[in-house]
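Residue-level structure breakdown
Residue-level listing of the chains:
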Amino acid sequence: MIERLQNNDVEVAKKIRSVFQASYKIEAKLLNATDFPPLKRPLENYVASETAFFGFIKDKELAGVIEINHNNDFTHINSLVVSPDFFRQGIARKLMEFVFKTFDSKLFVVETGLENGPATALYKKFGFKEVKQWDTDHGVRKIKFERRILD
C-alpha cells in the first residue's frame, strides 16, 4: 500500500530518514563514494522539507519511499529508496507506477549515480532517456534522465 507520509511529524520523519540511510549506505558502496551527501541529510531537513513523500507500506513497515517535487512544468523525483530488507520485491517499480498515475506532468526528471545499475535500469524500463552526465564535487559521476509525455 502506498500512502502520503506526513514528514513534518518528527516520528514519521525519523522512519523516512531510517529508510533513506539504509538504502543510501548501499548506494554509496555501489558508487564507491566515501563522501556521500545524502547520508549527511539531517532529520530537520526531512521535517522541514516541502517536497512530498510517499511510502510503500509492507507488513506494517515502511519498505520504500519516493520523494517528489511537482510543479506546473514538471515532476522531479528527488529520491527513490527501498529498505535493503525489501530489495528485489518490485517496490521501486510500484512507487514509480504510482507517480505516473498520480502526477499529471508532461515531463518527469530524475538523477542518480552513474554506477547505480539497479536505478538506471529501472528508469530506462520506464522510458526515461539520458540527457546529461557530470562529476560532482564529492567525486561521484551523476546521470540525469527525463521522460517526456507527448500529446
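Here goes a summary of the coordinates provided. Given the structure is predicted, the values throughout are model-derived calculations rather than measurements.

A few words now on the overall build of the protein chain. Per the secondary structure count, the protein chain includes four helices and seven strands. Tracing the protein chain from N to C terminus, the helices and strands come up as β-α-α-β-β-β-α-β-α-β-β. Taken over the C-alpha trace, the protein chain has a radius of gyration of 15 Å; the compact-globule value for 151 residues is 15 Å, and the two agree within 12%. Across the 151 residues in the protein chain, those meeting the buried criterion constitute 44%. Taking the contacts inside the protein chain whose residues are at least 6 apart along the sequence as the reference set, 60% of them involve residues at least 24 apart.

Together, Ile-26, Leu-30 and Phe-87 make up an exposed nonpolar region whose accessible area comes to about 230 Å². Along the polypeptide, Leu-30 turns up in helix H1 (residues 10–30).

Attention shifts here to the sheet that holds strand S7 (residues 141–148). Taken together, seven strands build an open sheet; the order of strands is S1-S2-S3-S4-S5-S7-S6 and the sheet is mixed. A strand with exactly one partner marks an edge of an open sheet, and here the two such strands are strand S1 (2–5) and strand S6 (129–135). Strand-to-strand twist of the sheet, defined as the mean angle between neighbouring strand axes without regard to direction, takes the value 25°. The sheet contact formed by S1 and strand S2 (residues 52–58) spans four bridges and is antiparallel. Paired with Arg-4 across the strands is Phe-54, a residue of S2. Each of S1, S2, strand S3 (61–70), strand S4 (75–82) and strand S5 (107–113) touches H1; the most contacted strand, S3, lies at about 90° to it. Of the strands in this sheet, S4, S5 and S7 are in contact with helix H4 (residues 117–125), which crosses S5 at around 160°.

The rules behind each value
Counting from 1, residues in each chain are numbered in the order their sequence is written. Restriction of local features to residues with pLDDT of at least 70 applies here, the model being predicted, together with a cutoff of 80 or more for giving and counting side-chain atom pairs; totals for whole chains, interfaces and linings are based on all residues. Values shown for side chains rest on all heavy atoms present in the structure; no hydrogens or waters enter the calculation. Counting from the N terminus, the helices are DSSP H or I runs at least four residues long and the strands are E runs at least two residues long. Between the two quantities, the radius of gyration covers C-alpha atoms and the globule rule is 2.2 Å times the number of residues to the power 0.38. Only protein chains enter the accessibility calculation, which uses a 1.4 Å probe; a residue whose area is less than 20% of its type maximum is buried, one above 50% is exposed, and one in between is partly exposed. Here, residues are in contact when the closest pair of their heavy atoms is within 4.5 Å. The patches reported here contain residues having more than 30% relative accessible area and no salt bridge. Joining distances are 9 Å for like charges and 5 Å for nonpolar side chains (Val, Leu, Ile, Met, Phe, Trp, Tyr). Only the protein chains shown count as covering a residue, and every accessible area follows the Shrake-Rupley method with a 1.4 Å probe. We count a salt bridge whenever a side-chain nitrogen from Lys or Arg sits within 4 Å of a carboxyl oxygen from Asp or Glu. Any two strands with at least two DSSP bridges between them are considered paired. A fitted line through C-alpha atoms serves as each axis, taken over the contacting stretch for helices, and the angle formed by two N-to-C directions is quoted from 0 to 180°.

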